[in-house]
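Each chain, letter by letter, is given below.
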Amino acid sequence: MPVLPEVRDQSDSYALLHLIQGAVITQAISVAARLGIADVLAAGPLPVEDIAKRVGSDPGATHRLLRTLSGHGVFEVRPDGRVGHTPLSDKLREDVPDSMRGFALLMNHPVLWEEWGHLFSTVETGEPNLPKLRGMGALDFFHANPGYASVFFRAFGELSASETDPILAAYDFSRFGTVVDVIAGRGNLLAGILEQAPAVKGVLYDSEVATVDSPALFEAAGVADRLTIEHGGYLDKLPAGGDAYLFKHIIHDFSEADAVTALRNAREAIAPGGKLLVIEYVIPENNEKHLGHTIDLWLMLMLGARERTLAEYTELFAKAGFELTRAVPTSAPISVIEAIPV
């Protein structure tokens with residue numbers, strides 16, 4: 001009898017191979033988003049030939065794309081050959097709450113792919129690579145490339161907007177008289193806070209360019225009469241007298257020194273008995289899978305900045321004259337980290 005070769009357990013190898021090929025799935029999702037397939041299926045399942053005709057793609061190639069994505073829970077290829085939505089693919093539609101279409105388009109952008117191709121250099125040196133690759137910092141590069149900047153900020157704007165309801169459900173802002181939202185852009189979260197808490201007043205603080213559309217947003221929310229807009233930069237002195245100073249996805253963009261400066265500005269401005277509220281990803285101490293880990297690599301690559309553990313936030317706050325009191329988790333992967341002046 002022939003001697004059969006020993007059968008090795010290759011499950012770990014193939015599990016790793018699936019992770020290695022994650023970039024292929026990223027591209028496939030991005031192509032589906034760019035074609036607008038999810039929007040075409042909004043009214044119900046369709047044959048692949050109809051989908052391809054509506055989005056202007058090749059039917060055979062479209063079938064192979066959707067077959068692959070279906071195996072990952074993105075779209076469903078049905079036994080009769082029609083393609084329909086899954087809960088995941090539905091979030092690629094343009095018009096749904098918490099859409100991730102903008103992020104899918106960003107992850108397919110050639111500028112972004114080029115930047116991630118230099119992660120090795122950042123890990124090797126510990127220095128951000130984008131300034132070396134582009135010859136300028138991230139903000140200057142965005143100003144010089146408005147097309148890419150539009151794709152980038154739309155993606156992160158969608159992600160930020162998806163966090164508003166979880167924050168409002170997890171944290172009670174009604175205890176404050178005035179909330180100062182620092183570097184808040186248009187002010188979507190602050191508008192939500194004022195809607196939730198009718199007795200609260202809000203101060204929106206950011207550059208004039210960033211807040212140009214803010215009055216219309218707050219008018220539409222019916223809370224413009226309780227809003228004040230003040231203009232300034234990232235590290236400038238802040239409007240004084242607020243009962244809460246809110247930094248959402250701002251501190252993680254800063255170097256340690258700039259983060260301390262920004263928080264000290266809040267410490268100087270805050271009213272007696274006020275609270276500092278930093279809304280960020282909190283890196284888990286046990287290294288479990290968490291969105292904050294991948295965002296942390298992004299910050300390291302682009303800015304030389306970082307996400308932090310709760311212990312690291314405790315240390316950072318202490319340098320700025322605050323004591324961390326608690327971190328309130330939300331149903332999104334972010335937490336409201338609360339501190340008091342000391």
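None of these values were measured; they are calculated from a predicted model. (Residues numbered from 1 in each chain as written. Predicted model: local features only at pLDDT ≥ 70, side-chain atom pairs only at ≥ 80, totals over all residues. Heavy atoms only, no water.)

K.L.:
Before we move on, could you go through the pairing of strand β5 (residues 201-206) and cite the residues and values that matter?
P.N.:
Within β5, five of the six residues are buried, which leaves it mostly tucked inside the rest of the structure. Bridge analysis of strand β4 (residues 178-182) against β5 gives five bridges, and the strand direction is parallel. Bridge pairing in β5 places Thr178 opposite Lys201. In this region the chain leaves β4, passes through helix α14 (residues 188-196) and returns to the parallel neighbour β5; the handedness of that crossover is right-handed. For the crossover from β5 across helix α15 (residues 214-221) to strand β6 (residues 227-231), the handedness is right-handed. (Buried < 20%, exposed > 50% of the residue type's maximum accessible area, 1.4 Å probe, protein only. Helix = DSSP H or I, 4+ residues; strand = E, 2+ residues; numbered from the N terminus. Pairing = 2+ DSSP bridges. Right-handed = clockwise from strand over helix to strand, strands pointing away.)

K.L.:
Residues and numbers for the packing of aromatic side chains, please.
P.N.:
Tallying each qualifying case throughout the model produces 16 aromatic pairs. Ring centres of Tyr313 and Phe317 lie 5.8 Å apart, and the angle between their planes is 50°; on these two criteria the pair is classed as tilted. Of this pair, Tyr313 and Phe317 both sit in helix α18 (residues 310-319), four residues apart, roughly one helical turn. The buried category is assigned to Tyr313, whose relative accessible area is 0%. A connected cluster of aromatic rings, assembled from ring pairs, spans Phe103, Trp116, Phe141, Phe142, Tyr148, Phe152, Phe153, Phe156 and Trp298. The aromatic ring of Tyr313 is capped on one face by Arg308, whose charged end is 5.9 Å from the ring centroid. (Phe/Tyr/Trp six-rings, centres within 6.5 Å; stacked < 30°, edge-to-face > 60°. Lys NZ or Arg CZ within 6 Å of the ring centre and 35° of its normal.)

K.L.:
Can you lay out unusual backbone geometry for me, pointing to particular residues and giving the numbers?
P.N.:
The phi angle at Asp98 is positive, at roughly 60°, despite the residue not being glycine. Its location among the elements puts Asp98 in the loop between α6 (87-90) and α7 (101-106). Relative accessible area serves as the criterion here: at 41%, Asp98 is assigned to the partly exposed category.

K.L.:
Could you give me a rundown of the nonpolar core, with the residues and numbers involved?
P.N.:
Ranked by size, the top nonpolar core spans 45 residues in total, and within it Tyr148, Phe173, Phe218, Leu277 and Trp298 carry the most contacts. Excluding residues within four positions of it along the chain, Phe173 makes contact with Ile167, Leu168, Ile193, Gln196, Ala197, Val200 and Leu277. Phe254, Ala269, Leu276 and Val282 belong to the second-largest nonpolar core, a separate cluster that totals 29 residues. (Core = buried A, V, L, I, M, F, W, Y, C linked by side-chain atoms within 4.5 Å. Contact = heavy atoms within 4.5 Å.)

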